[in-house]
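# Summary of structural features
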Amino acid sequence: MEKMAGKHFCVSFANPQNADWCLKNAQSVMWDNGAFTAFTRKQTFDKEGYIRWLEPRLGHPHWAVVPDVIGGTVQEQKDMLRGWPYPKTLSAPVWHLALPIDYLLALCDEWPRVCFGSSQQYWKVGSLEWRRRVDAAFDALSRRHRHLPAIHMLRGLAQAGKRWPFASADSVNVARNFKNKGK
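First, a word on what this report is: a plain description of the structure on this page.

Analysis parameters
Residues numbered from 1 in each chain as written. Predicted model: local features only at pLDDT ≥ 70, side-chain atom pairs only at ≥ 80, totals over all residues. Heavy atoms only, no water. Helix = DSSP H or I, 4+ residues; strand = E, 2+ residues; numbered from the N terminus. Rg over C-alpha atoms; globule rule 2.2 N^0.38 Å. Contact = heavy atoms within 4.5 Å. Phe/Tyr/Trp six-rings, centres within 6.5 Å; stacked < 30°, edge-to-face > 60°. Buried < 20%, exposed > 50% of the residue type's maximum accessible area, 1.4 Å probe, protein only. Lys NZ or Arg CZ within 6 Å of the ring centre and 35° of its normal. Pairing = 2+ DSSP bridges. Salt bridge = Lys/Arg side-chain N within 4 Å of Asp/Glu carboxyl O. Axes fitted to C-alpha atoms, helices over the stretch in contact; angles between N-to-C directions.

A few words now on the overall build of the protein chain. Check the secondary structure of the protein chain and you find seven helices and eight strands. Relative to the globule expectation of 16 Å for 183 residues, the C-alpha radius of gyration of the protein chain, 16 Å, shows essentially globular dimensions. Principal-axis analysis of the C-alpha atoms places the extent of the protein chain at approximately 40 × 35 × 35 Å. Intrachain contacts of the protein chain at a sequence separation of at least 6 include 52% that bridge at least 24 residues.

Structure representation (C-alpha cells):
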C-alpha cells in the first residue's frame, strides 16, 4: 500500500482494516458502504454502524456511498436514503441498473454524484446486457442534462476510458493485485 500513497482509494465498511492509513495517505477516499459484500455473504447490512463509522472520516475531498439494497426495489432504495445524515456533496446514492431509468433521472436531479450498481440481469459488468443498459442510462441522462452529473461506476474500473463518461470507477482487483505490478 505504501507504493500507492497519494492515490485515490476505495475503502469498504465491510473491510475497514486500512481505513485510517488510507485517510492519512490518500489523495481522496471513497467510503463504500459494504452492502455488496454483505449481500454476497448473506449477512445483514448495518446501516447505523456504517453511519457511525463514517462520522470521524467523512469530509472533503472524501465522499461516501449511501446505503443501498442489492436487488432491491425503488422504495427500498428510497428507504435507505431516508435519514442519511451527511451532505449530498459528500455522498452518492446508488442506482442499480435493474431499476427504472426514471429513478436514475430523479436521483440525478437531486444529487451531484450517483453511483451505478450492477445487479440482477445486469450483474456481469461489461456483458452485452450491461452495455446496452448503460447506453440507455447515459442516453436518458444526456437528454435531460446539458452537463452530465458525476457518475461513479461501482466494480467498473475495467470500463473506465471506454465509451461511457464515468467520472470515476472502482475495483477491488486493483487493491488485491497492485503489489504484483512491482512499481
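Now that the structure is up, let's keep going.
Residue placement: A160 occurs in the loop between β7 (150–153) and β8 (168–169). Spatially, the C-alpha atom of A160 lies 21 Å from that of I101, the residues being 59 residues apart in sequence.

Considering all chains together, one arrives at 16 aromatic pairs under this definition. Ring geometry for W95 against F116: centres 5.1 Å apart, planes inclined by 65°, an arrangement best described as edge-to-face. Pair noted here: W95 is in strand β5 (residues 94–96) and F116 is in strand β6 (residues 113–117), with a separation of 21 residues, a long-range link. Residue W95 is classed as buried on the basis of its relative accessible area of 0%. Following the ring pairs from residue to residue traces out a cluster consisting of F13, W31, F45, Y50, W53, W84 and Y86. Geometry around W111 places K88 over its ring, the cationic atom sitting 5.0 Å from the centre. Over the face of the ring belonging to W123 we find R155, whose NZ or CZ atom lies 5.2 Å from the ring centre.

In terms of residue burial, strand β2 (residues 28–32) counts as a mostly covered element, since five of its five residues are buried. Taking every second residue as pointing to the same face, both faces of β2 are buried, with S28, M30 and D32 on one and V29 and W31 on the other. The pairing of strand β1 (residues 8–12) with β2 spans five bridges and is parallel. For C10, the partnering residue across the bridge sits in β2 and is M30. As judged from the two bridges shared by β2 and strand β3 (residues 63–65), these two strands associate in the parallel manner.

Looking now at the sheet that holds β1. Pairing within the open sheet is parallel, and its four strands lie in the order β1-β2-β3-β4. Edge strands, defined here as strands with exactly one partner in the open sheet, are β1 and β4 (91–92).

Taken as a whole and assessed by the stated rule, the structure comprises five salt bridges. Between K88 and E110 there is a salt bridge whose closest N-O contact spans 3.6 Å. Of this pair, K88 sits in the loop between α4 (74–81) and β4 while E110 sits in helix α5 (residues 101–110), and the two are 22 residues apart along the sequence. Here K88 falls in the partly exposed class, since its relative accessible area comes to 35%. D109 serves as the salt-bridge partner of R144, at 2.4 Å between the closest nitrogen and oxygen.

Right, let's talk about the sheet that holds β7 for a bit. Taken together, four strands build an open sheet; the order of strands is β5-β6-β7-β8 and the sheet is parallel. Lying at the two open borders of the sheet, with one neighbouring strand each, are β5 and β8. Relative to β6, β5 runs parallel, the two being bridged by three bridges. Residue pairing across strands places H96 opposite G117, the latter belonging to β6. Set on the sheet, α5 makes contact with β5, β6 and β7; between it and β5 the angle comes to about 165°. Running at roughly 160° to β6, helix α6 (residues 128–144) makes contact with β5, β6 and β7 of the sheet.

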